[in-house]
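# Structural description and commentary
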Amino acid sequence: MHRTTAGIFCLLAFLLLLANSVAAQDNSPYSRYGLGDQATNQNVINRGMGGVSQAYNDPQSINFVNPASYSNLVLTTFDIAVEAGARVIGNNDERFRSGIGSLSYLQLGIPIRKKLGMVLGLRPVTKVSYNILQNDQATFFDTLKIPVAYQYEGNGGLYQVYTGAGIGFGNFSIGFNFGYLFGNIENSTKAIYPTSQFIFPSRHSTRVSYGNIFYNVGLQYRIRLTEETDLTLGATGALKQTLSARRELMRETLAFDASSNDYVTQDTVLYAKGDRGKITYPQQYGGGIMLRKVDKFSVGLDFSTEQWDQFRNYGEKDSVRNSWRVNLGGQFVPNARAMNGYWNKVTYRAGVYYGTDYLKLNGQDMTIYGFSVGAGLPIRRQNYSNQYTVLNIAFEIGHRGNNETILKENWYRAVLGFTLNDRWFIKRKYD
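I will try to describe carefully the structure that is included in this document. Worth saying up front: this structure is predicted, and the values here are computed from it rather than measured. (Residues numbered from 1 in each chain as written. Predicted model: local features only at pLDDT ≥ 70, side-chain atom pairs only at ≥ 80, totals over all residues. Heavy atoms only, no water.)

## Concerning the pairing of strand E2 (residues 76–90)
Which entries qualify depends on this criterion: For every residue, the accessible area (1.4 Å probe, protein chains only) is compared with the maximum for its type, and the residue is labelled buried under 20%, exposed over 50%, or partly exposed between those bounds. Secondary structure is summarised from DSSP: a helix means a run of H or I of at least four residues, a strand means a run of E of at least two, and numbering begins at the N terminus for each. Pairs of strands are assigned from DSSP output, requiring at least two bridges between the strands.
Counting buried residues along E2, twelve of its 15 residues qualify, which places the element largely inside the surrounding structure. Here 15 bridges tie E2 to strand E18 (residues 408–422), and the two strands are oriented antiparallel to one another. Within E18, the position partnered with Ala 86 by the bridge is Tyr 412. Bridging between E2 and strand E3 (residues 95–113) involves 14 bridges; their strand directions are antiparallel. Paired with Val 88 across the two strands is Arg 97, which belongs to E3. The loop that links E2 with its antiparallel partner E3 comprises four residues.

## Structural notes on the pairing of strand E17 (residues 388–400)
Of the strand pairs in this sheet, strand E16 (residues 364–379) and E17 are connected by twelve bridges, and their pairing is antiparallel. Residue Ile 379 lies in a different strand from E17, and its bridge partner there is Thr 389.

## Digging into the pattern of salt bridges
The cut-off we apply is this: By convention in these notes, a salt bridge is any Lys or Arg side-chain nitrogen within 4 Å of a carboxyl oxygen on Asp or Glu.
Scanning the model with the defined rule gives 16 salt bridges in all. Where Asp 37 meets Arg 87, a salt bridge forms, and the shortest distance between an N and an O atom there is 3.6 Å. Of this pair, Asp 37 sits in strand E1 (residues 37–38) while Arg 87 sits in strand E2; the two residues are 50 residues apart in sequence, bridging distant segments of the chain. For the residue pair Asp 37 and Arg 87, the accessibility class agrees, reading buried in each case. Residues Arg 47 and Glu 83 are paired through a salt bridge, measuring 2.8 Å at the closest nitrogen-oxygen approach. Here Arg 47 is found in helix H2 (residues 44–48), whereas its partner Glu 83 is found in strand E2, with 36 residues between them in sequence. As far as the burial class goes, Arg 47 and Glu 83 line up, both buried.

Written as C-alpha cells, this is what we have:
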C-alpha cells in the first residue's frame, strides 16, 4: 500500500472515531416520529451542490441516488464519507444544542465492461436519538397530586446494505439498487417521583427490530448538444414497500442506585416478545436535469417527493405527511487541463434546496431549506500507478420549521469523503 493511501486510511479511521463520539451527543426530539430522522441520501459530491443528483453521472465517482449512473464507471472506485456538525433546536424562549456525527456511506464501484458497472454499499437510512425531560403532576386516588418527571428516550436507526448495477445502451442508461433494510429502534418513557412519596419510579419501553429487502430503479438519458456539451435527464423511483418487524414490550419498576447515580431495574412487571407486524414504507420518486460542459462545469435542477401519507407502523398512522424538495446547484473547474497551478484543477461546488419536510406536528407543516458549498481536491497521483485519490468536502447549513411550529431547528454539517480510483483486473503482458 502506498504511503499516501495508508495516511488517508489512518486519517479516515480517526474521523470515524470522532464522528461516533459526536453522534453519542445527538439529541433530536423530531427523531421520535416515523422511523427517525432521515439521513441525507446523496454522496458528498452531490451534497456540495445542494443535493442535485438525479441526472448526475461521473466515471470516477458513485452516485447511489440514481443507479443508472453506474454504467459510466471506468475505474474501480472505493468511496467513503463521514460527517460531523451541530444541531440547535428551540423556540422563542429557550434553545439547546447537540452534536451530529455518523458514517455517511461506504461503497465500492466496479466497472464490468464498457457501459456496465456494479456497486456494493452500506449507508444509514434513519437515526433515532433523543432524551427529553418534562416535569408534570400525576393524580392518585382522584385527588392526590404528586410531582413527576417524565424522561423520554429513544435510540437506534435503520441501515441499508445493497448491491446495484447500471447498463447503458447508446445515450440511454438504466439501473437498479437491491438490498436489505435492517435495524432496531427503542423508545422508552421513565416516570420518576420524589423519594418522599414512597412511589416506585417506572419505565415503559418498546423495542422494534426491522428487516426486509428493498429496491429502487433509475433512468438517465443524455442529449449531446455540442462536442463538449450535453444535457442529461434523470429519474428514479420505488413503489410502496412493506417491512417485516418484531416488537418487544417491557414494563419495569425502578430503584435508585447511589453507586451508579442512576435508576436500575427492581422488578419486571411485563415482558412480551415476538409481536410480529408490518411497516408500510412510502413510495418515492424524483426527476432532474443537468447541463454539463466536459472538464468545465455542470449545473442541475432536481425535484423529489416521498408519499409519507402511506406510512403505517403496525397499522397505526403517525405525525407525518407527503414531503417534497427542489434542489438547485452545480460545480465548475477553472482549468482541468492546466499543467501548473493546483487550484486550477480543484472542483468548486455550491447549491441550495427548499421543500416541505415529512413531519407534520399539531397540524403544522415543516418547511425545510438550506444551502451548501463544497470542493473536490485532487491528491497527487503515484508515479507508475493507475491509482489516484480525490478528497471531497462539503459544508451545509439547513433549517426546519417556522414561527408556527412548536420548535425550529438549525443544523450545521461538514462532510468529508475520500474517493480512491484504481484500475483492477489488468491483464499482464510479457515480452
